[in-house]
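# Fold and geometry: a report
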Amino acid sequence: MYEWCKSTVDSAVHLQTQPIPLKSALIVDAVPQVSGALCGVLSREEWSIVHAPDNWSALRLLEARPFDLIITGTGSTGKEDIDLLRKIRRVRPHVRLIILTDESTPADVIVAIRERAFSYFSTPFSTDSFAEIVRSATTAPLWDDGIELVSATPEWISIIARCDKKTADRLVQFFQEISDLPLSEKEDVATAFREMLLNAIEHGGNFDPNQYVEVAYVHTSQFVMCRIKDPGQGFSLDEIHHAAVNNPSYDPIRHILFREAQGLRPGGYGVLLTKHLVDELLYSEKGNEVLLVKYLHSFRGTKLSP
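A short tour of the structure in this document, coming up. Not measured: the values here are computed from a predicted model.

Thresholds, definitions, all that
Residues numbered from 1 in each chain as written. Predicted model: local features only at pLDDT ≥ 70, side-chain atom pairs only at ≥ 80, totals over all residues. Heavy atoms only, no water. Helix = DSSP H or I, 4+ residues; strand = E, 2+ residues; numbered from the N terminus. Buried < 20%, exposed > 50% of the residue type's maximum accessible area, 1.4 Å probe, protein only. Contact = heavy atoms within 4.5 Å. Areas by Shrake-Rupley, 256 points an atom, 1.4 Å probe, with all protein chains shown as cover. Core = buried A, V, L, I, M, F, W, Y, C linked by side-chain atoms within 4.5 Å. Pairing = 2+ DSSP bridges. Axes fitted to C-alpha atoms, helices over the stretch in contact; angles between N-to-C directions. Salt bridge = Lys/Arg side-chain N within 4 Å of Asp/Glu carboxyl O.

### Let's talk about the overall build of the protein
Tallying secondary structure elements over the protein gives 11 helices and 11 strands in all. Burial statistics for the protein: of 306 residues in total, 44% are counted as buried. Here the contacts in the protein between residues at least 6 apart in sequence split such that 65% fall between residues at least 24 apart. As presented, the protein carries roughly 16,100 Å² of accessible surface, and 56% of it is formed by carbon and sulfur atoms.

This is how it looks when you write it as structure tokens:
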């Protein structure tokens, strides 16, 4: 009798010391690239992972029980995943869903934003970027109102976004998917946009989640333009000594001392970098509004021809 009781107690203690997953994720038709990225983000101690072979099976599982995170499979199209998202919202209105797809259009991405997808990736995509967005999805609080689509066509999109870094990362990923550009131009525009967006959120919005920036993206046959307006009081570009763009030629790291004195994070190269990535960088008189213009390669050739 004693041995049975002791065995029962030992088993109970063993069960109590086993980590119990606190959250659950539903992964649809995972490919090795996705599984590898998730291994470094969703730990077994904190996450229970359920796999579904297709969107129909995923929906049946979601109707039966809640999940904290859903990631679709690359085998479905963007339109099919958006249809799944709409159906999910009827039963799980606040679940975070990341769309992965092999087939996508800028119009699909816009609808995904409107339907409040957490993020969107079309193949091929960066595993590191995907892992970072998944990490954000597991930690970001109250994300539903972070990005609001004001108006949109594939050529002209207006958005307001909350002043926090995780929202900025999500917005940059959406814009990368929307911009139908050659790879080199897409990377230049995305990097420049991210630098200026982070400047607006940090210096204009003070990383205050109660503040919002206004963002517009315009894509014509000749150029791509991004407009960012922050809620701050503005500044004069000549007076921001914490930025590398104002370093004198004889002291290329002077801005670092100013940043340390003001308690700012390392950096300060955003404006300088952006000037090299886009063709025009224009600030409003007040200084809290910036335009980035990138002329498309085909248009450059047209302008230079006699």
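Now that the structure has been shown, the text picks up again.
### Overview of the nonpolar core
Core analysis: the biggest nonpolar cluster contains 56 residues, and Leu171, Phe193, Leu197 and Leu292 have the highest contact counts within it. In terms of residue count, the dominant contributor to this core is helix H8 (residues 183-204) (eight residues). Once residues lying within four places of it in the same chain are set aside, the contact partners of leucine 292 are Ala192, Phe193, Met196, Val224, Met225, Cys226, Ile228, Thr274, Val278, Glu280 and Leu281. Within the second largest apolar cluster, 21 residues are counted, among which are Val34, Val41, Ile133 and Ala137.

### Overview of unusual backbone geometry
For the peptide bond that leads from threonine 123 to proline 124, omega is -5 degrees, which places it in the cis range. Its identity as a non-glycine residue notwithstanding, arginine 116 has a phi of 65 degrees, on the positive side. The class of arginine 116 is partly exposed, set by a relative accessible area of 28%. In this model, phenylalanine 207 sits at a positive phi of 50 degrees, which is unusual for a non-glycine residue. Summarising the element assignment, phenylalanine 207 is placed in the loop between H8 and strand S8 (212-219). Among the residues examined, phenylalanine 207 registers a relative accessible area of 37% and is labelled partly exposed.

### What to know about the pairing of S8
Most of S8 is tucked away, with six of its eight residues classed as buried. Pairing of strand S7 (residues 156-162) with S8, which is carried by seven bridges, proceeds in the antiparallel orientation. Its bridge partner being in S8, serine 158 is matched across the sheet by alanine 216. Remark: three residues form the turn of the hairpin made by S8 and strand S9 (residues 223-229), two consecutive strands paired antiparallel.

### A look at the sheet that holds strand S2 (residues 47-52)
Spatial strand order, S2-S1-S3-S4-S5: five strands in an open sheet with parallel pairing. Taken across any chain shown, the strands that pair with only one partner, and hence form the sheet edges, are S2 and strand S5 (119-122). Within this sheet the neighbouring strands show an average axis-to-axis angle of 15 degrees, counted without direction. For strand S4 (residues 96-101) and S5, the ladder comprises four bridges, and the chain directions are parallel.

### Topic: the environment of leucine 38
Counting through the fold element by element, leucine 38 comes out in helix H2 (residues 32-39). Here leucine 38 falls in the buried class, since its relative accessible area comes to 5%. Sequence spacing of leucine 38 and threonine 127 is 89 residues, and the spatial spacing of their C-alpha atoms is 9.5 Å.

### Thoughts on the pairing of strand S10 (residues 280-283)
Each regular strand carries side chains that alternate between the two faces of the sheet. In the sheet, S10 pairs with strand S11 (residues 289-295) via four bridges, with the strands oriented antiparallel. Bridge pairing links leucine 281 to leucine 292 in S11. Between S10 and S11, which pair antiparallel one after the other, the connecting turn spans five residues, and glycine 287 there sits at a positive phi close to 95 degrees.

### So, the pattern of salt bridges
Applying the stated rule across the entire model yields 11 salt bridges. Across the salt bridge formed by aspartate 83 and lysine 87, the nearest N and O atoms sit 3.2 Å from each other. Within this pair, aspartate 83 and its partner lysine 87 are both found in helix H4 (residues 78-91), separated by four residues, close to a single helical turn. Three or more residues joined by partner-sharing salt bridges are found here, namely Lys165, Asp169 and Arg194.

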